[in-house]
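# Per-entry structural report
For reference, the chains in residue letters:
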Protein chains: 4
Amino acid sequence: MTEVIVLNGGSSSGKSGIVRCLQAVLPDPWLALGTDTLVDAMPAFLQVSDAGIEFAPDGEVIVGPEFRTLEAAWIEGVAAMARAGARVIVDEVFLGGADSQQRWQKALRDLSVLWVGVRCESAVAAGREVARGDRTIGMAASQADVVHRGVVYDLEVDTTHAESMECARTIAAHVR
Amino acid sequence: MTEVIVLNGGSSSGKSGIVRCLQAVLPDPWLALGTDTLVDAMPAFLQVSDAGIEFAPDGEVIVGPEFRTLEAAWIEGVAAMARAGARVIVDEVFLGGADSQQRWQKALRDLSVLWVGVRCESAVAAGREVARGDRTIGMAASQADVVHRGVVYDLEVDTTHAESMECARTIAAHVR
Amino acid sequence: MTEVIVLNGGSSSGKSGIVRCLQAVLPDPWLALGTDTLVDAMPAFLQVSDAGIEFAPDGEVIVGPEFRTLEAAWIEGVAAMARAGARVIVDEVFLGGADSQQRWQKALRDLSVLWVGVRCESAVAAGREVARGDRTIGMAASQADVVHRGVVYDLEVDTTHAESMECARTIAAHVR
Amino acid sequence: MTEVIVLNGGSSSGKSGIVRCLQAVLPDPWLALGTDTLVDAMPAFLQVSDAGIEFAPDGEVIVGPEFRTLEAAWIEGVAAMARAGARVIVDEVFLGGADSQQRWQKALRDLSVLWVGVRCESAVAAGREVARGDRTIGMAASQADVVHRGVVYDLEVDTTHAESMECARTIAAHVR
């Protein structure tokens, strides 16, 4: 039985929409947690200091050591939720590519995980970033490719021409 | 010179995304106002009473007499903003079809208006409604066709297969 | 009959809470509009350019010429709504003190207006700004006094020791 | 060393504001997680079905069996985060009073916990609920007392007459 679904993709690639559709089409209730949940849980000062995260003017995200420490504990905790019986969808942005995946792989080593890549052409993601109106402009383009570097997936979906619901149904078909 | 752009389309047809893209691609600054602005400005009790608006379990929206009174004054005010020199994009849901359009036509009679229909196939809009996660399920499907009944446009866009940015560029090309 | 209530106070002085309580306790439905509505209606580029508004690192707000043009039309439009029969509560931050009030006085000259000052001790407002977690730190302190300079009121309330609901009832007692 | 701070109080008692102030005044970075985080992570269908949570018209919250299952795993996971080195502030609403506390006590048994009660007079909390404008009316009053029944605290704060920042400083003084 699939215990964790990890979705990885750049900002404005459409992950959150897919997650909500997945929660609607999967017959069991799944918890949805992710980078946004973690960032919201951080103190405000970690969001604007060198110790936390910074949004460079071009949309690049820089993550500091204190962010990393809390993130490591967060990952352990999410793995523990899955072990305690919650089925969990993790919505992630692997800024470090393969290195980021390894952090999750290590924590989830004894669990059955479905690794999903969420692709979106950079120009399309950049347009959607403008349409959303709530994200730093430039993040979509700067993350579109880099987050997939060296990452290994069971399955990839591409939101460039497919709707969130369509992608969710494709993923759901791989959940055991 | 185009003084007002009115976008009409059902819930989850993609109007707000197009509006933000339009504001980004149009060289002048345009104010964006619409149904959502008006509803947010209403007292909470008008949002759950027969005098205001109600969301039926199937997503249908019922609008009462006190809502209509405030709405009429709102429309006059938005027209006055345009007359006072602000270029305005109006993001509307013509629940009454042609009747709703006439209310706006009357208020904007002396202004140069670009009327734009925003279409989206009902099933696709319904999927996006699930993906958004912040709307009463059923609104997208119940409004997809009814809001266009008898309404006359200068231009129509369809978000079923086109991105918000693409639709915005099409509309912007018609703005004088 | 009071046609417009204008509330003026610094960021985190508690205006929005008072407005929602006013809408709840006043027997008629009143529209609530304000600086936040206007800023949300602006294009994103006006919120980060010299032509629009800027948030200085210390929380000071700098407003540019293109913002002023749209604001002037907005004020005219809000006045037109009141003339068309909507009772309107305006939630404002008079960054220019008496000059800001004069802009509104001119537009509302033929209407019956209740001018209300919303005070809050600077240190208390600064604490609430931290508690809210969604405002640039420093705005509360930098605006607490400056927005009241030279402004004339019919009535003042102070949220330092009084609840929003209490202030709303005090104001409602002055509405004819 | 205090590893977890658990804040318990009814809706609109001011917990979230205290949490943000605590994160600002405590020298180390603390993660803030709570009931709201969990509810946001749930599928939409659990928020409107007998299996999940329901908001009765009078503001009472009813929690179903599928919600309980996910909640149990969530609590285990939060405890695991603390064991993995994150200092965690938990913002909770003990709808079941002492029973709810026992669920957390069991999961946190080997950790150093500071139990904090957040009180607010029912009538004041009800007024703040109206002022917030984003909560079902009635929750504040229906939860004000019931959430504290049989619950044991190291420390209690009362937001009826004290600011969030003041309460946060009181709590911070008890953190080792």
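Residues numbered from 1 in each chain as written. Chains lettered and ligands numbered in written order. Predicted model: local features only at pLDDT ≥ 70, side-chain atom pairs only at ≥ 80, totals over all residues. Heavy atoms only, no water.

## Some remarks on the sheet that holds strand S7 (residues 155–158) of chain D
Residues and elements named next belong to chain D. Applied cut-off: Strand pairing is assigned whenever DSSP detects at least two bridges linking the two strands. The numbering of helices and of strands both runs from the N terminus, where a helix is a DSSP run of H or I of at least 4 residues and a strand a run of E of at least 2. Only the stretch in contact is used when a helix axis is fitted, and all axes are lines through C-alpha atoms; the angle between N-to-C directions ranges over 0 to 180 degrees. Two residues form a contact once any of their heavy atoms are found within 4.5 Å.
Pairing within the open sheet is parallel, and its 5 strands lie in the order S2-S5-S1-S6-S7. Edge positions in the open sheet fall to strand S2 (30–34) and S7, since each of these has one partner strand only. On average, each strand axis in the sheet is inclined to that of its neighbour by 20°, with strand direction left out of account. With 5 bridges connecting them, S2 and strand S5 (residues 87–92) associate as parallel partners. What sits directly across from tryptophan 30, in S5, is arginine 87. Along the sheet face, helix H7 (residues 164–172) touches strand S1 (4–8), strand S6 (113–119) and S7 and points at about 170° away from the line of S7.

## Here we look at the interface of chain A and chain D
Applied cut-off: By buried area we mean the combined loss of accessible area, with a 1.4 Å probe, across both parts when two parts are placed together. Whenever Lys or Arg places a side-chain nitrogen within 4 Å of a carboxyl oxygen from Asp or Glu, that contact is recorded as a salt bridge. Each residue gets one label: Ala, Val, Leu, Ile, Met, Phe, Trp, Tyr, Cys and Pro are nonpolar, Asp, Glu, Lys and Arg are charged, and the others, such as Gly, are polar.
With 28 residues of chain A in contact, the opposing surface of chain D contributes 28 residues. Between chain A and chain D, the buried area comes to about 2000 Å², and carbon and sulfur atoms account for 78% of it. Summed over the shared surface of chain A and chain D, the result is 0 salt bridges. Elements with a contribution of two residues or more to the side of chain A that touches chain D: strand S2 (30–34), helix H2 (35–41) and helix H3 (65–83) of chain A. For the side of chain A that touches chain D, the element with the highest residue contribution is H3 of chain A, accounting for 9 residues. Of the residues assigned to the side of chain A that touches chain D, the class counts are 21 nonpolar, 4 polar and 3 charged.

## Focus on the relation of the copies chain A and chain D
Convention followed: Superposition of the copies was done by least squares, using only C-alpha atoms of residues whose pLDDT is at least 70 in both.
The transformation that overlays chain A on chain D combines an axial shift of 0.0 Å with a rotation of 180°, and the residual RMSD is 0.0 Å. Here the two chains are linked by the operation of a two-fold rotation axis. Residue glycine 77 of chain A, judged by its C-alpha, is the member of chain A lying nearest the rotation axis, at 2.2 Å. When the interface residues of chain A are mapped onto chain D, 100% of them again lie at the interface, so the same face is used by both copies.

## Digging into unusual backbone geometry
Residue and element names in this part refer to chain A. Rule in force here: Only protein chains enter the accessibility calculation, which uses a 1.4 Å probe; a residue is then buried when its area is under 20% of its type maximum, exposed when over 50%, and partly exposed in between.
A positive phi is found at serine 12, a non-glycine position, where the angle reads about 65°. In this structure, serine 12 sits in the loop between strand S1 (4–8) and helix H1 (15–25). Classification of serine 12 as buried rests on a relative accessible area of 7%.

## Topic: the relation of the copies chain D and chain C
Of the transformation superimposing chain D on chain C, the axial component is 0.0 Å and the angular component is 180°, with the fit at an RMSD of 0.0 Å. Take the interface residues of chain D: 100% of them recur as interface residues in chain C, which is what a same-surface contact looks like.

## Some points on the interface of chain D and chain C
Worth spelling out the cut-off: Whenever two N or O atoms come within 3.5 Å, that pair is a polar contact, provided that in protein one can donate a hydrogen and the other can accept it, and provided that, for residues adjacent in sequence, both atoms are side-chain atoms.
Of the residues lining the interface, 16 residues belong to chain D; the matching set on chain C comes to 16 residues. On inspection of chain D and its partner chain C, the count reaches 2 salt bridges. The partner of glutamate 163 of chain D in a salt bridge is arginine 128 of chain C, and the shortest N-O contact between them spans 2.8 Å. Summed over the shared surface of chain D and chain C, the result is 6 residue pairs in polar contact (both at pLDDT 80 or more). At the level of elements, helix H1 (15–25), helix H5 (122–132) and H7 of chain D are the ones that each hand at least two residues to the side of chain D that touches chain C. Sorting elements by how many residues they give to the side of chain D that touches chain C places H5 of chain D first, with 6 residues. Tallied by class, residues from the side of chain D that touches chain C come to 6 nonpolar, 6 polar and 4 charged.

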